[in-house]
Amino acid sequence: MERVVQPYQLSRPTHRAAVHVVYVARGGAGLHPVLRSAVSVMRWSATPARLCFHVLCGETCLRDLAKPKDPSTIQGLRETELNVKYYNATDGGLWAQLSDLGRLWLHYTALHPRIPIRLKNHMFTVPKLFLHELLQVPRALVLDTDTQVMACICTLWDELADQLQAQPSAVLAYAHEQQGIYRDGMRRALQLIGAANRSSSLLAGYNGGVGLQALERMRTQHAYRTLLHNATLLATHDPARIGTHLTPDGSHQGDQSIFTWMSSVQPVLWKTLALTINCEWNFQLCLHWYATRGFGVGEHNTRNGMCRRAPKLLHANCPDTLKTALMQLDLSDRSPAALMRNLRTLDDAWRTPELAQQCATVQERLPGADVLATVCNANFLLQRYAAMVRV
């Protein structure tokens, strides 16, 4: 296991310097989806030398690392061409590095791991909530592997760096959840503390697929740690269930449910800690999937939930054929033939009976949302990629 390294200390990077991209690959998550995503980020970067990748590996990922290196390429790039560091993020590896509070969360999320509500929670929540204890870099951009970039990720990093400089108290940056799954629960939660009217922007909650964490600030400032402590104290029987009351079916969406819960109990403090990533940097494809299951269907979603900007990053945040289709795209190939293949791949997914029916149902329920012209339309979703091909 000589390829697994311990976290290391970097000197504070200057603005426009190193961009630290983090993936969490625990549980059954293997190495290939991580490398595929990292190569995609590399291919779209105007300054790839700035990119440093960090992979928190669970058991499956570590087994993949122990195998001989694959000499084949991913989208024309070999693994050895990536600047990547690997970390032991098994339960034992995390336990050795976490504080007592982090260990408490690891313990609670590990209870009954076969229950679906807890599985995602245990695999991803603790590493993302306590990333400041695991990586000794000043800040990190955390990406899910079910994403496809269509812009230079360094641009997002630099934009957020400017915002962090302007707001010294901020330690997080995430996009709002676009499916509306938290809206009713958040409305009730904010009403209980008399903050519903002045905190309407918080109703959507947050999505964890793309997030910036100012790790150095988290280590030195007390506000974020206070929120984590309060979360533990307010749910002493089982912190792992925090946030489940905010979704219609009591499901838990991992770290994003914790962040959404934090914003519901202390909205004023949260606004000093959290910046908002623009929706095009986390364009969530699965409005149709959630809406046809009773999540987020209503007038408020038509007005506030959907993103109408040209996507810069696609996020297939639902368990269906659309996620499979997104993983099959090769957006590093800028040839007209590749454009047609990629458009056809998404079109074929939308034309499957299940997805076609879902899109039609949501369009009927949300007539002002233009679902068929935006989130269910391959030409809209890949317009930035198509523009690059035309050049």
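For the structure, check the block above.
Figured I'd write up the structure that's included with this text. Since the model is a prediction, treat every value here as computed from it, not as a measurement.

Rules of the game
- Residues numbered from 1 in each chain as written.
- Predicted model: local features only at pLDDT ≥ 70, side-chain atom pairs only at ≥ 80, totals over all residues.
- Heavy atoms only, no water.
- Pairing = 2+ DSSP bridges.
- Helix = DSSP H or I, 4+ residues; strand = E, 2+ residues; numbered from the N terminus.
- Axes fitted to C-alpha atoms, helices over the stretch in contact; angles between N-to-C directions.
- Parallel < 35°, antiparallel > 145°, perpendicular 65-115°, else oblique.
- Contact = heavy atoms within 4.5 Å.
- Nonpolar A, V, L, I, M, F, W, Y, C, P; charged D, E, K, R; others polar.
- Core = buried A, V, L, I, M, F, W, Y, C linked by side-chain atoms within 4.5 Å.
- Buried < 20%, exposed > 50% of the residue type's maximum accessible area, 1.4 Å probe, protein only.
- Right-handed = clockwise from strand over helix to strand, strands pointing away.
- Disulfide = S-S within 2.5 Å.

Another point: the sheet that holds strand β5 (residues 147–149). Pairing within the open sheet is mixed, and its 3 strands lie in the order β5-β10-β9. Bordering the open sheet on either side are β5 and β9 (283–284), each of which pairs with just one other strand.

Below, the discussion takes up the packing of helix α16 (residues 336–351) against helix α17 (residues 353–365). In contact at an axis separation of 5 Å, α16 and α17 are set at 75 degrees when each is read in the N-to-C sense. The orientation of α16 with respect to α17, classified from their angle, is roughly perpendicular. Here Ala349, Trp350 and Arg351 of α16 come into contact with α17, specifically with Pro353, Leu355, Ala356 and Cys359. Looking at the contact of α16 with α17, its residues break down into 6 nonpolar, no polar and 1 charged.

Turning next to the sheet that holds strand β4 (residues 140–143). Read across the open sheet, the 7 strands follow the order β3-β2-β1-β4-β7-β6-β8; overall the sheet is mixed. Where the open sheet ends on each side, the last strands, each with one partner, are β3 (84–88) and β8 (274–276). Between one strand and the next, the sheet's axes are offset by a mean angle of 30 degrees, whatever the strand orientation. In this sheet, strand β7 (residues 206–213) lies alongside β4 in antiparallel orientation, the contact comprising 4 bridges. Looking at the pairing, Val142 lines up with Gly211 of β7. Where helix α2 (residues 59–66) meets the sheet, its contacts fall on β1 (19–25), β2 (51–57) and β3, and the angle it forms with β2 comes to roughly 115 degrees.

Position of Thr361 among the secondary structure elements: in helix α17. Each C-alpha atom of the pair Thr361 and Val371 lies 9.8 Å from the other, and the pair is 10 residues apart in sequence.

Core analysis: the biggest nonpolar cluster contains 79 residues, and Leu51, Phe53, Ile153, Leu285, Leu382 and Tyr385 have the highest contact counts within it. Apart from the residues lying within four places of it in its own chain, the contact partners of Tyr385 are Trp44, Met150, Asp330, Leu331, Asp333, Arg334, Ser335, Ala338, Leu339 and Asn342.

With that settled, consider the pairing of β1. The element β1 is extensively covered by neighbouring structure, given that 7 of its 7 residues are classed as buried. Taking the sense of rotation as the criterion, the β-α-β connection linking β1, helix α1 (residues 31–43) and β2 turns out right-handed. Looking at chain direction, β1 and β4 are connected through 2 bridges and run parallel. When the sheet's bridge partners are listed, Val21 is paired in β4 with Leu141.

Considering all chains together, one arrives at 3 disulfides under this definition. The residue that forms a disulfide with Cys57 is Cys61, at a sulfur-sulfur distance of 2.1 Å. The exposure classification of Cys57 matches that of Cys61, with both residues buried. What pairs with Cys279 in a disulfide is Cys307, and their sulfur atoms sit 2.1 Å apart. Every disulfide takes its handedness from the sign of the S-S torsion; for Cys279 and Cys307 that torsion is 65 degrees, giving right-handed. Within this pair, whereas Cys279 is found in the loop between β8 and β9, its partner Cys307 is found in the loop between α14 (299–305) and β10 (313–315), the two being separated by 28 residues in sequence. Judged by its relative accessible area of 21%, Cys279 is partly exposed. Lacking any disulfide linkage, Cys52 is separated from the closest cysteine sulfur, that of Cys154, by 9.8 Å. Here Cys152 is not disulfide-linked; the sulfur of Cys154 is the nearest cysteine sulfur, at 4.1 Å. Residue classification places Cys152 among the buried residues on the basis of a relative accessible area of 13%.

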